[in-house]
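# Structure assessment
Here's the letter readout for the chains.
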Amino acid sequence: MTTTGEAPAEIRNFLDPFAWQEGIAVADREGSPFRVFSVRPEPLESGKRNTALAHGDLLSLYMREFAEGGETFLHAHPEDSVWFVLQGHAAFYAEDGRLIAQMGPLDGIFVPIGAVYRFESTSPGNLVVLRMGARPPGTE
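What this report covers is the structure whose coordinates are included nearby. Keep in mind it's a predicted model, so treat the numbers as computed, not measured.

What counts and how
Residues numbered from 1 in each chain as written. Predicted model: local features only at pLDDT ≥ 70, side-chain atom pairs only at ≥ 80, totals over all residues. Heavy atoms only, no water. Pairing = 2+ DSSP bridges. Helix = DSSP H or I, 4+ residues; strand = E, 2+ residues; numbered from the N terminus. Axes fitted to C-alpha atoms, helices over the stretch in contact; angles between N-to-C directions. Buried < 20%, exposed > 50% of the residue type's maximum accessible area, 1.4 Å probe, protein only. Phe/Tyr/Trp six-rings, centres within 6.5 Å; stacked < 30°, edge-to-face > 60°.

With that settled, the discussion passes to the sheet that holds strand S4 (residues 90–94). What the three strands build is an open sheet, ordered S5-S4-S7; its pairing is antiparallel. The open sheet is flanked by strand S5 (99–103) and strand S7 (117–121), the only strands paired with a single partner. For this sheet the average axis-to-axis angle between neighbouring strands, irrespective of direction, equals 15°. Where S4 lies against S7, five bridges are found, and the strand directions are antiparallel. Of the residues in S7, the one forming a bridge with phenylalanine 92 is phenylalanine 119.

Counting buried residues along S4, five of its five residues qualify, which places the element largely inside the surrounding structure. The side-chain alternation of S4 yields two buried faces, one formed by Ala90, Phe92 and Ala94 and the other by Ala91 and Tyr93. One ladder, built from four bridges, connects S4 with S5; its direction is antiparallel. Within S5, the residue paired with phenylalanine 92 across the bridge is alanine 101. Between the antiparallel neighbours S4 and S5 lie four residues, among them glycine 97 with a positive phi of about 90°.

All chains considered together, the criterion is met by six aromatic pairs. Relative to phenylalanine 119, the ring of phenylalanine 66 has its centre 5.3 Å away and its plane inclined at 80°; by these criteria the two rings are edge-to-face. Here phenylalanine 66 is found in strand S2 (residues 59–66), whereas its partner phenylalanine 119 is found in strand S7, with 53 residues between them in sequence. Residue phenylalanine 66 is classed as buried on the basis of its relative accessible area, which comes to 1%. By relative accessible area, phenylalanine 119 is classed as buried at 0%. Look at phenylalanine 92 and phenylalanine 119: their rings are 4.7 Å apart centre to centre, the planes differ by 25°, and that puts the pair in the stacked class. Note that phenylalanine 92 is positioned in strand S4 and phenylalanine 119 in strand S7, a separation of 27 residues in sequence. Taken as a pair, phenylalanine 92 and phenylalanine 119 share a single burial class, namely buried. Taken together through their ring pairs, the aromatic side chains of Phe66, Trp83, Phe92, Tyr117 and Phe119 make up a single cluster.

Structure below.
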């Protein structure tokens, strides 16, 4: 335990999703139900990138990267979603244009199934977010 107010190294590494950690497996063992993944965003000059990190029957996890000024169009998903900001800042808007949330690193938002929304990057540099989606059983 430190007395300087600084978190121990293992906590700092956990809070810094961009810290390259040695020894993290990137390949699944054949037949294993587990999926090990690492979050490794790379700078974007323009556009956006969607990287599937893990996917199961009901739950999926993606890393979404947006170049400075990037945004999504008004849309909805057939599943509950959680968005979690890792890098940059984002503003989320409802269907009527109302601001829902302004978020920065380590902030998240739950978006219920069928809710119409959009978001945009609101800070210099890239926006990096995790999107977790959970489908109701029996849907595709």
